[in-house]
Amino acid sequence: MRRAEGVKEPAKGRRLLVINPNTNPAVTRTIRDAAACVVHETTAVTVVNPATGPFSIETAEHRALAVPRVISLVSENLSAGYDAFVLGCFDDIGLFESRALTKVPVVGPCEAGIAAMRTLARRFSIVTTVHAALPGINDLLVHYGVADICTVRAAGVGVADASENGTEARLRFLRTIHEAIEMDGAEAILLGSGGLAGKASTLQADISVPIIDAVQAAVKMAEGIALQLRQQMDG
């Protein structure tokens, strides 16, 4: 049927699969709620986590255990018709292995968050949960070429605790953010943990520089690229 001139066809929805690499259902719900806040109403977001594996990903050992489970979840869903995959762990674990499996976009929050930061600030800081995560994140800063313009600070709060709305955890993150601004010269803050998904808006009220949620940045990037590819294929 010929399209009537001046009549816009309804947008075709995109389907995103977001993988939380840890087994904590509370973090999975946190990521699901955060994703729902930023996607278009026609975009369907499914958030899953492995059945087994680390409850939180805070060390190199946790990452090593989680990587094969992330790759397995991507592999199992290759024929499910998803327009993009998003990884919910800031360490971008399994990112490049997953990209080798599929022809649709696979987006990690660290890479996407850094891209967002570059649009906002000359210098920025990543605020994460536990100190054990710092070496891995610093390695990623070198890999992504931003080690000279970015610092990383940990609030000393576990991933599980970060996903909750506790007052003590919030105060620790606020204190760490203020230190990044005052001591590191950060002009913007990137929240570097799946446990911090959806927390940018609650922290922003007390902070003078922009705060970006890395998971939401990854979801939005995946949605946008998926939309462009869909439009190109549909002609």
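Together, Met221, Ile225, Leu229 and Met233 give the surface a local cluster of nonpolar side chains, amounting to about 350 Å² of exposed area. Positionally, Leu229 belongs in helix α9 (residues 214–234).

Following the criterion strictly, the structure yields 0 disulfides and no others. The thiol sulfur of Cys89 is not disulfide-bonded, and the nearest other cysteine sulfur, from Cys110, lies at 9.7 Å. With no disulfide of its own, Cys110 has Cys150 as its nearest cysteine by sulfur position, at a separation of 8.1 Å. Accessibility expressed as a relative area gives 0% for Cys110, which makes it buried.

Here the focus is helix α7 (residues 167–184). Counted at 1.5 Å a residue, the expected span for α7 with its 18 residues is 26 Å, and the 25 Å between its end C-alpha atoms agrees. Among the residues of α7, those classed as buried are Ala169, Phe173, Leu174, Thr176, Ile177, Ala180, Ile181 and Asp184. Projected down its long axis, α7 carries its buried residues within an arc of 165 degrees, all on one side. α7 presents Thr167, Glu182 and Met183 as exposed residues on the side facing more than 90 degrees away from its buried surface. Positive backbone phi, approximately 70 degrees, marks Gly185, located one or two places after α7.

This part is about the pairing of strand β2 (residues 44–48). Two strands pair when backbone bridges link them, and strand β1 (residues 15–19) and β2 are joined in this way by 5 bridges, in the parallel orientation. When the sheet's bridge partners are listed, Ile19 is paired in β2 with Val48. Of the crossover connections in this fold, the one passing from β1 over helix α1 (residues 25–36) to the parallel β2 is right-handed.

Definitions and limits used
- Residues numbered from 1 in each chain as written.
- Predicted model: local features only at pLDDT ≥ 70, side-chain atom pairs only at ≥ 80, totals over all residues.
- Heavy atoms only, no water.
- Patch = residues over 30% accessible without salt bridge, like charges linked within 9 Å, V, L, I, M, F, W, Y side chains within 5 Å.
- Areas by Shrake-Rupley, 256 points an atom, 1.4 Å probe, with all protein chains shown as cover.
- Salt bridge = Lys/Arg side-chain N within 4 Å of Asp/Glu carboxyl O.
- Helix = DSSP H or I, 4+ residues; strand = E, 2+ residues; numbered from the N terminus.
- Disulfide = S-S within 2.5 Å.
- Buried < 20%, exposed > 50% of the residue type's maximum accessible area, 1.4 Å probe, protein only.
- Expected span 1.5 Å × (residues − 1).
- Arc of directions from axis to C-beta.
- Pairing = 2+ DSSP bridges.
- Right-handed = clockwise from strand over helix to strand, strands pointing away.

In short, the description is geometric, and any link to function would need to be established separately.
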